[in-house]
Amino acid sequence: MASPNHNSYGRINKEAENDENLKRQKEIDEWLPISSSRNAKWWYSAFHNVTAMVGAGVLGLPFAMSQLGWGPGVAILVLSWVITLYTLWQMVEMHEMVPGKRFDRYHELGQYAFGEKLGLWIVVPQQLIVEVGVDIVYMVTGGKSIKKFHDLVCAQRECKNDNIKTTYFIMIFASVHFVLSHLPNFNSIAGVSLAAAVMSLSYSTVAWTASLHKGVQPDISYELVGTSEGGKVLDFFNALGTVAFAYAGHNVVLEIQATIPSTPEKPSKGPMWKGVVVAYMVVAICYFPVSLIGYWIFGNKVSDDVLISLEKPTWLIAMANLFVVIHVIGSYQIYAMPVFDMLETVLVKKWNFKPTRTLRFVTRNLYVAFTMFIAITFPFFGGLLGFFGGFAFAPTTYFLPCIMWLAIYKPKKFGLSWTINWICIVLGVLIMVLSPIGALRQIILSAKSYTFYS
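In this report, the structure presented in the accompanying data block is examined. Remember, predicted model here, so these are calculated numbers, not experimental data.

Quick look at the overall build of the chain
Move 1: Counting its regular elements, the chain contains 16 helices and zero strands.
Move 2: In the chain, which comprises 454 residues, the share counted as buried stands at 55%.
Move 3: About 20100 Å² of surface is accessible on the chain, with carbon and sulfur atoms providing 68% of the total.

Put into structure tokens, the structure is as follows:
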């Protein structure tokens, strides 16, 4: 029989071990990008959400309208705005629904709703596809916008080296991220994010005002793009994904809310929701004029990036492309931060690496290099928007929050909350199933005339 002395030693050792573990856990949490800084204000939420949402997708909306037509196009744009605002509200509400606990990451909420293992498997792959997918598309957008800026300036000045490959411009864009990726957390990229949010409003305004200035084109047609009926249907599916891509901020919303301070008297959902409402007003100001005016002016001849359809005034379009570059620099960082958090969590908590600057330096540089390589290899802008938009954005944006809400709160069957959530789920599943089909066709058509690393 063990002596009382021996038992008390054992208990003291266990307590010391627990204290040591808690201390290590606290140190790791203070080092990880999402949980290290919790002093954000409500306006941080506003411009982080604008930067996350109003991205490259807005420039593809007139093209999506040309594949949808006036009636369905307007209906889908408005419905998407309403549904995604509702699902974003659900996520803000669910962030602190357990007293004393915060779901700082999307997958933590998924684990609470679906169980420890299943939640991880449901959320993490989708979230990673969205965040890595967006970063790849932004690499392409950034590179193409720098090229467009270069070409417009060169056309004015008759440059000698005016035939530089898109590949090199994507590499120029990536070089910025090899530096910016080492900012430790969300609050440290607040300045970059604010600049990006201002730029998104700027280039959206340039896109629709320059379109208005150009005037309705003489040979305008609002017939659906596509030579065959089958082609038109597949284009319609692709456009659904493009619209879904435009409403993609949900994948980082809990991570943004995690940076806001919270007490039982003043929970973080107050300032967070205030920021979200402001962000959604900005989203409406950017999306609706660009998509409706862009389609009205150019009809079914609009390019998959509306700025490419606009050639004059040259200086203004050159500036707008520069605005796009600055904006996607900020957006890339907003979507990369949760990926860095996941990678660093696995390396430090699971594989017991020491939380050092060297680890962060290697991990983040490898991630930027990976997204750059994929972007250089497959720069099919229109098809990529539709594919990623439908395949992963629709679940995480349109219906996964609704499923979690039903699983956690269990609202009354056939009641208002239950019905609204099921409508969102059905519409979201339709987008998820249909849009990648159309987008794959778009990618195949682009690939036919494409030479690698051109």
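What about the packing of aromatic side chains?
Move 1: With the rule as written, the count across this model stands at 16 aromatic pairs.
Move 2: Ring plane angle 55° and centroid distance 5.7 Å describe the contact between W70 and Y222, whose orientation is recorded as tilted. Of the two residues, W70 sits in helix α4 (residues 70–94) while Y222 sits in the loop between α8 (190–214) and α9 (229–246), which places them 152 residues apart along the sequence.
Move 3: Owing to a relative accessible area of 33%, W70 belongs among the partly exposed residues under this scheme.
Move 4: By relative accessible area, Y222 is classed as partly exposed at 29%.
Move 5: One Lys or Arg, R360, reaches over the ring of W31 and ends 4.2 Å from the middle of that ring.

Considerations on the nonpolar core
Move 1: With 124 residues, the main nonpolar core has M139, V243, Y247, Y287 and M404 as its most contacted residues.
Move 2: A total of 16 residues in this core trace back to one element, the largest contributor, which is helix α13 (residues 314–350).
Move 3: Membership of the second largest hydrophobic core comes to six residues, among which are I28, W31, L347 and V348.

What about the pattern of salt bridges?
Move 1: Counting across every chain of the model gives nine salt bridges.
Move 2: With a shortest N-O distance of 3.8 Å, E229 and K232 are connected by a salt bridge. Taken together, the positions of E229 and K232, both in helix α9 and three residues apart, correspond to about one turn of that helix.
Move 3: Under the relative-accessibility criterion, K232 is labelled buried at 19%.
Move 4: When the shortest N-O distance is used, the salt bridge between E344 and R364 registers 2.8 Å. With E344 in helix α13 and R364 in helix α14 (residues 357–377), this residue pair connects regions lying 20 residues apart in the sequence.

What counts as what
Residues numbered from 1 in each chain as written. Predicted model: local features only at pLDDT ≥ 70, side-chain atom pairs only at ≥ 80, totals over all residues. Heavy atoms only, no water. Helix = DSSP H or I, 4+ residues; strand = E, 2+ residues; numbered from the N terminus. Buried < 20%, exposed > 50% of the residue type's maximum accessible area, 1.4 Å probe, protein only. Areas by Shrake-Rupley, 256 points an atom, 1.4 Å probe, with all protein chains shown as cover. Phe/Tyr/Trp six-rings, centres within 6.5 Å; stacked < 30°, edge-to-face > 60°. Lys NZ or Arg CZ within 6 Å of the ring centre and 35° of its normal. Core = buried A, V, L, I, M, F, W, Y, C linked by side-chain atoms within 4.5 Å. Salt bridge = Lys/Arg side-chain N within 4 Å of Asp/Glu carboxyl O.

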